[in-house]
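# Structural description and commentary
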Amino acid sequence: MNLATAFPPFGLRIEAGPLVLRPITDDVLPALVNLALGGIHDPRRMPFYVPWTDAPPDRLPLNFTQYHWGVRASWAPEHWDLQFAVEYEGRVVGCQGLATKDYLVTRTGETGSWLGLQHHGAGIGTKMRQAICALCFDHLDADEVTSAAFADNPASNAVSRKVGYQPNGTMRKTRREGEWKGSQQWMLTRETFNRGPEITVSGAPEFRRFIGLDPVDAPCA
Ligand SMILES: CC(C)(COP(=O)(O)OP(=O)(O)OC[C@H]1O[C@@H](n2cnc3c(N)ncnc32)[C@H](O)[C@@H]1OP(=O)(O)O)[C@@H](O)C(=O)NCCC(=O)NCCS
């Protein structure tokens, strides 16, 4: 028994050339905190529904680490949030997640991601989104993947468009206290998926059994 046996999300790893999506184990949390402290976006335009990057620098490390411990602690078959640290050419550059409810029924999940400011605009955001969508369609039997971004987040909306997501309406979402902003909703199916570099995945059979896609006595590859 090791941690990945007890908690199979810790055994999942996606590789696509210089890009690696690895589980957010405790050893990678300090590098992610450092990235977040260094800035993720222009502070004038909050991209997140929960404005966690507004936290003062002396609170952000605690908030950030507690958030990721909470993601693990609240994992349940009915609702889960798969969070990866993103490495590019051996450096930790950001996070890529996939959150879902009742996955076995809905076969849909919402992607969410961020990169440290110094890593923006180099195509990494597109590649990591393509990698997680390939995981969903090719290894997790997803029917669709959704995303959303505020109207004043051209980079995120551009990534969704490039990866092949289709516009799926708009919603008013609160952003910071007392403020709302239109949020563009996006939906991707395998038919319009614009694939990136081929991915190699480890830990998928164990993860599939863990989330109930395969029976527990199914053989592991
Ligand atoms: C969203 C994010 C992950 C995208 O990552 P990235 O590596 O910068 O994205 P890419 O370089 O792959 O692509 C960005 C695209 O946005 C476009 N873009 C960026 N700024 C733009 C602007 N002001 N106007 C129009 N297009 C813009 C780029 O031109 C590029 O498209 P192209 O390749 O067709 O030219 C990154 O910007 C980020 O972390 N932002 C802050 C956090 C965030 O917004 N997360 C998403 C919350 S919904």
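Report on the accompanying structure. (Residues numbered from 1 in each chain as written. Predicted model: local features only at pLDDT ≥ 70, side-chain atom pairs only at ≥ 80, totals over all residues.)

Surveying the vicinity of the ligand reveals 22 residues, the closest of which are Pro47, Gly125, Thr126, Pro154 and Ala158. Of all the secondary-structure elements, those providing two or more residues to the shell around the ligand are strand 5 (108-115), helix 5 (124-139) and helix 6 (154-163). Residues that form the shell around the ligand fall into these classes: twelve nonpolar, nine polar and one charged. (Near = placed C-beta within 6 Å. Helix = DSSP H or I, 4+ residues; strand = E, 2+ residues; numbered from the N terminus. Nonpolar A, V, L, I, M, F, W, Y, C, P; charged D, E, K, R; others polar.)

Let us now look at the sheet that holds strand 4 (residues 91-101). If you trace the nine strands from one edge of the open sheet to the other, you get 7-8-6-5-4-3-2-1-9, paired in mixed fashion. Lying at the two open borders of the sheet, with one neighbouring strand each, are strand 7 (166-174) and strand 9 (200-202). Averaged over all pairs of adjacent strands, the angle between their axes in this sheet comes to 25°, without regard to strand direction. Across three bridges, the pairing between strand 5 and strand 6 (residues 144-150) is parallel. Paired with Thr108 across the strands is Glu144, a residue of strand 6. Against the sheet, helix 5 makes contact with strand 1 (13-16), strand 2 (19-23), strand 3 (79-88), strand 4, strand 5, strand 6, strand 8 (180-188) and strand 9, and its axis sits at roughly 155° relative to strand 5, the strand it touches most. Most of the contacts of helix 6 go to strand 6, to which it runs at about 155°, and overall it touches strand 6 and strand 8. (Pairing = 2+ DSSP bridges. Axes fitted to C-alpha atoms, helices over the stretch in contact; angles between N-to-C directions. Contact = placed C-beta atoms within 7 Å.)

Closest axis-to-axis distance for the helix 2 (residues 29-37)/helix 3 (residues 60-73) pair is 10 Å, and the angle between their directions is 130°. Considered as vectors, helix 2 and helix 3 are oriented oblique to each other. Relative to helix 3, the crossing made by helix 2 is right-handed. Residues Leu29, Leu32, Val33, Ala36 and Leu37 of helix 2 lie in contact with helix 3, whose contacting residues are Leu60, Pro61, Phe64, Thr65 and His68. (Parallel < 35°, antiparallel > 145°, perpendicular 65-115°, else oblique. Left-handed = near helix turned anticlockwise from the far one by under 90°.)

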